[in-house]
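# Architecture at a glance
Spelled out from the first residue to the last, the chains are:
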Amino acid sequence: MKFPLGKIKVLLAFLFVMLAVNFLAAQSLRQPSPEERGGSDVRATGHVSDAPVETLEAKPSGGAVVQGNSINYHGGPVLHGNVPIYVIWYGNWTNGTKASDSQTTVNLIDALLGGLGGSALENVNTTYGDNSANVSGLLHLQSQIFDTGSQGTSLTNTRITNLISGHLANGSLPTDNTGVYLVLTSSNISESGFCTQFCGFHTHQTLNGKDIKWAFIGNVDKCPSGCEAQTTSPNGDSGADGMANVISHEVEEAISDPDLNAWFDSNGEENADKCNFNFGATKTASNGSKFNQSFGGHNWLLQQNWRNSGGGACAQHL
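All values reported here derive from a predicted model rather than from experimental measurement.

## Quick word on the packing of helix α3 (residues 103-115) against helix α7 (residues 238-256)
Remark: α3 packs on α7, axes separated minimally by 10 Å, with the N-to-C direction vectors making an angle of 35 degrees. Of the two possible hands of crossing, α3 and α7 adopt the one that is right-handed. Across the interface between the two elements, Thr105, Leu108, Ile109, Leu112 and Leu113 of α3 pack against Ala240, Met243, Ala244 and Ile247 of α7. Per-class residue counts for the contact of α3 with α7 are 8 nonpolar, 1 polar and no charged.

## Comments concerning the side chain of His249
With respect to the helices, strands and loops of the structure, His249 is situated in helix α7. Within the local environment of His249, its side chain forms a polar contact with the side chain of Asp273, the two groups lying 3.1 Å apart. Contact partners of His249, with chain neighbours within four places excluded, come to Gln27, Ala272, Asp273, Asn276 and Gln303.

## With respect to the sheet that holds strand β4 (residues 139-147)
One open sheet accounts for 6 strands, arranged β1-β8-β9-β6-β3-β4; its pairing is mixed. Looking at which strands have only one partner, the edges of the open sheet turn out to be β1 (24-27) and β4. If you compare each strand with its neighbour and ignore which way they point, the axes differ by 25 degrees on average. Taken together, the 4 bridges between β1 and strand β8 (residues 200-207) define a ladder with antiparallel strand orientation. Bridged to Ala25 within β8 is His202. The sheet strands contacting α3 are β3 (83-90), β4 and β6 (180-185), and the helix crosses β4 at an angle near 155 degrees.

## Topic: the state of the cysteines
Per the counting criterion, the structure on display carries 3 disulfides. Across the disulfide, Cys195 is cross-linked to Cys223 (sulfur-sulfur distance 2.1 Å). Taking the sign of the S-S torsion, about -70 degrees here, the bridge from Cys195 to Cys223 comes out left-handed. Of this pair, Cys195 sits in the loop between β7 (190-191) and β8 while Cys223 sits in the loop between β9 (210-218) and α6 (224-227); the two residues are 28 residues apart in sequence, bridging distant segments of the chain. For the residue pair Cys195 and Cys223, the accessibility class agrees, reading buried in each case.

## Section: unusual backbone geometry
Leave glycine aside and you will find that most residues have negative phi; peptide bonds, for their part, are mostly trans. Backbone geometry at Cys195 places phi at a positive 80 degrees, although glycine is not the residue there. The backbone of Asn208 shows a phi angle near 55 degrees, a positive value even though the residue is not glycine. Positionally, Asn208 belongs in the loop between β8 and β9. Accessibility expressed as a relative area gives 47% for Asn208, which makes it partly exposed.

## Description of α3
If you check α3, its first and last C-alpha atoms are 18 Å apart, about what 13 residues at 1.5 Å a residue would give, namely 18 Å. Taken as a whole, α3 has its buried residues at Thr105, Val106, Leu108, Ile109, Asp110, Ala111, Leu112, Leu113 and Gly115. Where the residues of α3 are buried, they touch β3, β4, β6, α7, β13 (293-295) and β14 (298-300).

## A look at the nonpolar core
In this structure, Ile85, Leu182, Leu184 and Ile247 are the most contacted members of the largest nonpolar core, which totals 69 residues. Elements that contribute at least two residues to this core include exactly β3, α3, β4, α5 (157-169), β6, β8, β9 and α7. When neighbours within four sequence positions are excluded, Ile247 is seen to be in contact with Ile109, Leu112, Leu113, Leu182, Leu184 and Ile217.

Rules used in this analysis
- Residues numbered from 1 in each chain as written.
- Predicted model: local features only at pLDDT ≥ 70, side-chain atom pairs only at ≥ 80, totals over all residues.
- Heavy atoms only, no water.
- Axes fitted to C-alpha atoms, helices over the stretch in contact; angles between N-to-C directions.
- Helix = DSSP H or I, 4+ residues; strand = E, 2+ residues; numbered from the N terminus.
- Left-handed = near helix turned anticlockwise from the far one by under 90°.
- Contact = heavy atoms within 4.5 Å.
- Nonpolar A, V, L, I, M, F, W, Y, C, P; charged D, E, K, R; others polar.
- Polar contact = N/O pair within 3.5 Å; in protein donor to acceptor, adjacent residues only side chain to side chain.
- Pairing = 2+ DSSP bridges.
- Disulfide = S-S within 2.5 Å.
- Buried < 20%, exposed > 50% of the residue type's maximum accessible area, 1.4 Å probe, protein only.
- Expected span 1.5 Å × (residues − 1).
- Core = buried A, V, L, I, M, F, W, Y, C linked by side-chain atoms within 4.5 Å.

Next comes the structure, spelled out in structure tokens:
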């Protein structure tokens, strides 16, 4: 059957969009809290009634792939060792349209990435592995750069790709297939789907000759009702706190499912997706804000991660 040229172009465009969606994993928007719903907390369990249940809740050893905890292994690699994190601060991070477009936010996120590795929360990721080794639960901020707008203020996935590959090509960032690259955008930057369809996403591409894992996280002060858990911050910066939660979500997934072919459940949800905006037990700071993790000299409200042991559960720690 022959199609007019115009229809062929439309079909090709539709196919491209579908492929693009299939090759990235996004964090959904926040759902109303139990108080906002007026009901009890609904926790992600994902239990399969006839699935085998482990009796121990410790991480697997020797690179063993442990299954039967409501999340499945699909054969792909995980990231091993002390994972380097590279940050591109994109846009106006000195005096932008939101108070959180500031050096204060930069300092807080640096503190987050400086303390997240080896934390109680990140140790939950050690329950994931491939056939060679387990996730270590360690990560560190390797380097960061600032780009005030080389790709304009309206980003697409293609422009994000160009942004990252450009900095790899010119040597301002190393080309490292063992790390995760974070693109953090200020509030004057728009990205198709951000705040309306997702709070962040991660994916991978061949850039500068290597398999590069990267994630997008925007300044969630643009949509606090959808991407921030609370507007009162234990750190005096709700935008930074909201971004910290999204960063934790995406980093955990980028390490346990870097090529989108390792760990996810029968619904396509990765480990952090199964606990999206599920914070578990919290403490209350002096200003009334909530937190559940303390490291790097700060208190944080970070969602739980799915523990791949003991039948599986959302957990703040092992």
